Amino acid sequence: MNEFINNLKGDKGIWALVFLLALISFMPVYSASTNLVYVIGKGSTLGYLVKHLGHLFLGFCIIYFVHKMPYHYTKALSMLLMPLVVVLLIYTMFQGTTIGGANASRWISIPFVGLSFQTSSLAFIVLMVYVAKYLAKIKEKEFTFKSSLIELWMPVFLVLILILPANFSTTALIFAMVCMLVFIGQYPIKYLAAIIGAGIVMLTLFIVMAKAFPDAMPNRVKTWESRIERFSSNKTDEDNYQIDKAKIAIASGRIYGLGPGKSVQKNFLPQSSSDFIYAIIVEEYGLIGGLGILFVYMLLFFRFIVCAHKASSFYGKLLIIGLGFPIIFQALINMGVAVELLPVTGQTLPLISSGGTSIWMTCAAIGVILSVSKKDEEVAADLQESEKRNEALQRIIDKEIELEDEREDEQKELKKESSKNPLEPILNQ
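Here is a short report on the structure shown in this document. Bear in mind that the values here come from a model prediction, so they are computed numbers and not experimental data. (Residues numbered from 1 in each chain as written. Predicted model: local features only at pLDDT ≥ 70, side-chain atom pairs only at ≥ 80, totals over all residues. Heavy atoms only, no water.)

**Here's the deal with a nonpolar patch on the surface**
Next, step 1: Residues Ile255, Tyr256, Leu287, Ile288 and Leu291 make up a contiguous nonpolar surface patch of about 540 Å² in total accessible area.
Next, step 2: Relative to the helices and strands, Ile255 resides in the loop between helix H11 (241–253) and helix H12 (277–310). (Patch = residues over 30% accessible without salt bridge, like charges linked within 9 Å, V, L, I, M, F, W, Y side chains within 5 Å. Areas by Shrake-Rupley, 256 points an atom, 1.4 Å probe, with all protein chains shown as cover. Salt bridge = Lys/Arg side-chain N within 4 Å of Asp/Glu carboxyl O. Helix = DSSP H or I, 4+ residues; strand = E, 2+ residues; numbered from the N terminus.)

**Some points on helix H8 (residues 168–184)**
Next, step 1: Over its 17 residues, H8 runs 24 Å from end to end, which matches the ideal 24 Å to within 8%, given 1.5 Å per residue.
Next, step 2: Burial analysis of H8 places 12 of its 17 residues in the buried class, the great majority of the element.
Next, step 3: Listing the buried residues of H8 in full gives Ser169, Thr170, Thr171, Leu173, Ile174, Phe175, Met177, Val178, Cys179, Met180, Leu181 and Val182.
Next, step 4: Of the surrounding elements, those touching the buried residues of H8 are helix H6 (119–138), helix H7 (145–163), helix H9 (189–212) and helix H13 (314–338). (Expected span 1.5 Å × (residues − 1). Buried < 20%, exposed > 50% of the residue type's maximum accessible area, 1.4 Å probe, protein only. Contact = heavy atoms within 4.5 Å.)

**Here's the deal with empty space enclosed by the protein**
Next, step 1: A full pass over the atoms with the stated rule returns 1 cavity of 30 Å³ or more.
Next, step 2: Taken as a whole, the largest cavity encloses approximately 50 Å³ of empty space.
Next, step 3: Along its surface, the largest cavity is lined by Asp275, Phe276, Ile333, Asn334, Val337, Val344, Thr345, Gly346 and Gln347.
Next, step 4: Residue classes in the lining of the largest cavity are distributed as 4 nonpolar, 4 polar and 1 charged. (1 Å grid on protein atoms, 1.4 Å probe; cavity = no way out; pocket = protein on both sides within 12 Å on 5 of 7 lines; lining within 4 Å. Points joined across faces, edges and corners; volume = space filled by probe spheres on them. Nonpolar A, V, L, I, M, F, W, Y, C, P; charged D, E, K, R; others polar.)

**Regarding the side chain of Gln265**
Next, step 1: By the secondary structure assignment, Gln265 is in the loop between H11 and H12.
Next, step 2: Those residues in contact with Gln265 that lie beyond four places of it in its chain are Lys245, Ile248, Ala249, Ile280 and Glu283.

**Observations concerning the pattern of salt bridges**
Next, step 1: All told, the structure shown has 3 salt bridges when counted by the stated rule.
Next, step 2: Between Asp11 and Arg303 there is a salt bridge whose closest N-O contact spans 2.5 Å. Of this pair, Asp11 sits in the loop between helix H1 (2–6) and helix H2 (12–32) while Arg303 is found in helix H12, placing the two residues 292 residues apart along the sequence.
Next, step 3: Overall, Asp11 belongs to the buried group, its relative accessible area being 7%.
Next, step 4: For the salt bridge of Lys137 with Glu151, the shortest nitrogen-to-oxygen distance reads 2.7 Å. Remark: Glu151 occurs in helix H7 and Lys137 occurs in helix H6; sequence separation between them is 14 residues.
Next, step 5: When its relative accessible area of 32% is taken as the criterion, Glu151 is described as partly exposed.

This is how it looks when you write it as structure tokens:
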């Protein structure tokens, strides 16, 4: 075990917080899975716990292998994966809208293994790495707005357009995170303002087209409208069901909670183990548990900031910001939905909610971040080793100089003695 821990490179604080979030997730997922078992009549609670453990185990394997890879390799990987992401997103749009009888327009089924995969999660990571690569490339060279439109914004808008029909919340989150990264990457503000304006115009045109041709994207615009209307009014209808149950769960938790596994609303919340798991946590562990989860995410956010500040390259700083900050914002969005600060978005709680794709993609992002911090540690270790070698060499040189001075002093003493009595050698004979 000690050898394994010693092989974990990168920021130890991030490692510890990620392990902590993974450990925290077991009890809420195990407790919330009773909804699927006893209400829906699907599987067993132990089966869901083992499945979640398998997702986390594979996720940590992803972190381990990704963090061993030099982070500058991600530049080439983003270029290679971008066309694949576009193809997968196009396939996702046309592969059908149901998996197992449920709406799954944002998922694809993986043949032969019986798993489903959310392509927008992979697109998010690849796109952020691609944007970071471009910003690092233009930092020290002149570029024009036209060239950035082709190299930067065309791939960004292509990915967003392909995700938008099925998942507006993810599209909005990706666009916001890209704009944040571009702003931090010192992209001219006047160009960024023009892009944001163009994005608003394109979204407006999309909504108008969707309303004009509702059969092209059934139920999607209507879903957005109902969620926004529900959020902005107190009208009671069927769409209010989940958020109302989440609010009841949070109110029932009070300060100390009902206790582990004692949630009542988990039997009524359809997404109790994924989208609304934060409400179950607050119901079982109270306000203390809810604030504790928030505190852990804030600590992780702080470690991301520290690692970004310490990163030795501009590309490394952008990678940490582009991949780390969205994890924290996604967590805040999930919590905000549970307490009705935000309309329902479908964003999971990173590393805590059940679900393979969310865990694996979050782990891949954390692996890249650890690779950046590992590189900085290696540079610092090399500098420290170099300083030690220089100090050792200087001690050897100083010792040799000291010995040489001693020899010279001895020779001088001998000369002085021989000059005092030049006949002494003859008398001694």
